[in-house]
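Below, each chain spelled out in residue letters.
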Amino acid sequence: MTLLLLCLFAFLAGFIDAIVGGGGLIQLPAMLLLMPGVPVPTILGTSKVAGLSGTAVALQRYLSGPGTGPIRWRTVAITALVAGAFALLGARAVSHLHKEAVRPLVLTLLVLMAIYTFWRKDFGSLHAPRLHGRRELMTGMVLGAALGFYDGFFGPGTGSLLLFAFVGLFGYDFIAASASAKMVNVATNVASLFYFASTGQVLYKVALPMAACNMLGSTLGARLAQRKGTGFVRILFLGVVSAFILKLGWDTFGA
């Protein structure tokens, strides 16, 4: 029964994450609740298997399906490489630093993201890249370093933060930003999973069934996002970010 519930949450996480990110908001709390005797690093490592599988499937769907704008391959690839390197550092820092220290900062960023997205009705509706050359690459490297470390260290909300950054900083529409965010997220998941797997902190009997369900959810989510377009993604983005604000706010101030 526990495994069935974990698989259900993995499916829902993959579905939401493929569209706007934030699947960790669903999957990680469920694992912490349903696996109370398992060390947190092992839960994080097991969750990464499912998250990586679903993100990779969603990325493939975005790249091969209709409706995705042109990807700035050089910028996204460099952002992904830097993010992967810093995700490895973040994963190694899990046992040495307290996650509670980053919660207020992430909570503040999410509130500002929600306000800005709600205020700007056209936010993410047009694909008009605004950065070029060295400035674009440097912005990508800084973004990759910051969010890569965060994903390896903590994780939930990384996809939503990446999505917002590719829209707000780079000028992508929501569909192209989703594809770009997935590429960076694959790199961070690979790097952090490498660390967790090499240190024996993955429960494969749980991870593999969850991965299959996460992949199914991701396939359906990416397909729906491409069919519904940027307006649908914007609305769901606001909903997921709002839910994450409530969850993180409760964890920070209500507990």
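We now turn to the structure provided with this report. (Residues numbered from 1 in each chain as written. Predicted model: local features only at pLDDT ≥ 70, side-chain atom pairs only at ≥ 80, totals over all residues. Heavy atoms only, no water.)

### Remarks on the packing of helix H3 (residues 40-64) against helix H8 (residues 174-198)
The geometry of a pair of packed helices is captured by two quantities: the angle between their axes and the separation between those axes. The line we're drawing: Only the stretch in contact is used when a helix axis is fitted, and all axes are lines through C-alpha atoms; the angle between N-to-C directions ranges over 0 to 180 degrees. Where helices and strands are cited, they refer to DSSP runs of H or I of at least four residues and of E of at least two residues respectively, numbered from the N terminus. With the far helix as reference, a near helix turned anticlockwise by less than a right angle produces a left-handed crossing, and one turned clockwise produces a right-handed crossing. What makes two residues a contact is simply this: any of their non-hydrogen atoms within 4.5 Å. Gly is placed with the polar residues, together with every amino acid not listed as nonpolar (Ala, Val, Leu, Ile, Met, Phe, Trp, Tyr, Cys and Pro) or charged (Asp, Glu, Lys and Arg).
Contact geometry of H3 with H8 gives a least axis separation of 8 Å together with a crossing angle of 145°. Crossing of H3 over H8 shows left-handed handedness. In this structure, H3 uses Pro-41, Leu-44, Gly-45, Lys-48, Val-49, Gly-51, Leu-52, Thr-55, Ala-56, Ala-58, Leu-59 and Tyr-62 to contact H8, whose residues at the interface are Ile-175, Ser-178, Ala-179, Lys-182, Met-183, Asn-185, Val-186, Asn-189, Val-190, Ser-192, Leu-193 and Phe-196. Across the contact of H3 with H8, the residue classes tally to 15 nonpolar, seven polar and two charged.

### Re the packing of aromatic side chains
Stated precisely, the cut-off is as follows: Put simply, two rings from Phe, Tyr or Trp (the six-membered ring, in Trp's case) pair if the centres are within 6.5 Å, and we call them stacked under 30 degrees between planes, edge-to-face over 60, tilted for the rest. Categorising residues by exposure relies on relative accessible area from a 1.4 Å probe, with only protein chains included: less than 20% of the type maximum marks a residue as buried, more than 50% marks it as exposed, and the intermediate range marks it as partly exposed.
A full pass over the atoms with the stated rule returns four aromatic pairs. Ring geometry for Phe-166 against Tyr-172: centres 5.6 Å apart, planes inclined by 15°, an arrangement best described as stacked. The class for Tyr-172 is buried, based on a relative accessible area of 1%. Here the aromatic rings of Tyr-195 and Phe-196 are separated by 5.8 Å at their centres, their planes lie at 65°, and the arrangement is edge-to-face. Given the relative accessible area of 19%, Tyr-195 is considered buried. What makes Phe-196 buried here is its relative accessible area of 1%.

### Description of the pattern of salt bridges
Threshold: Salt bridge, as applied in this entry: a Lys or Arg side-chain nitrogen positioned within 4 Å of an Asp or Glu carboxyl oxygen.
Enumeration according to the criterion identifies one salt bridge in this entry. The partner of Lys-48 in a salt bridge is Asp-151, and the shortest N-O contact between them spans 3.3 Å. Placement of Lys-48 in helix H3 and of Asp-151 in helix H6 (residues 133-153) is noted, with a sequence separation of 103 residues between them. The pair formed by Lys-48 and Asp-151 is uniform in burial state, with each residue classed as buried.

None of this, on its own, says anything about what the molecule does.
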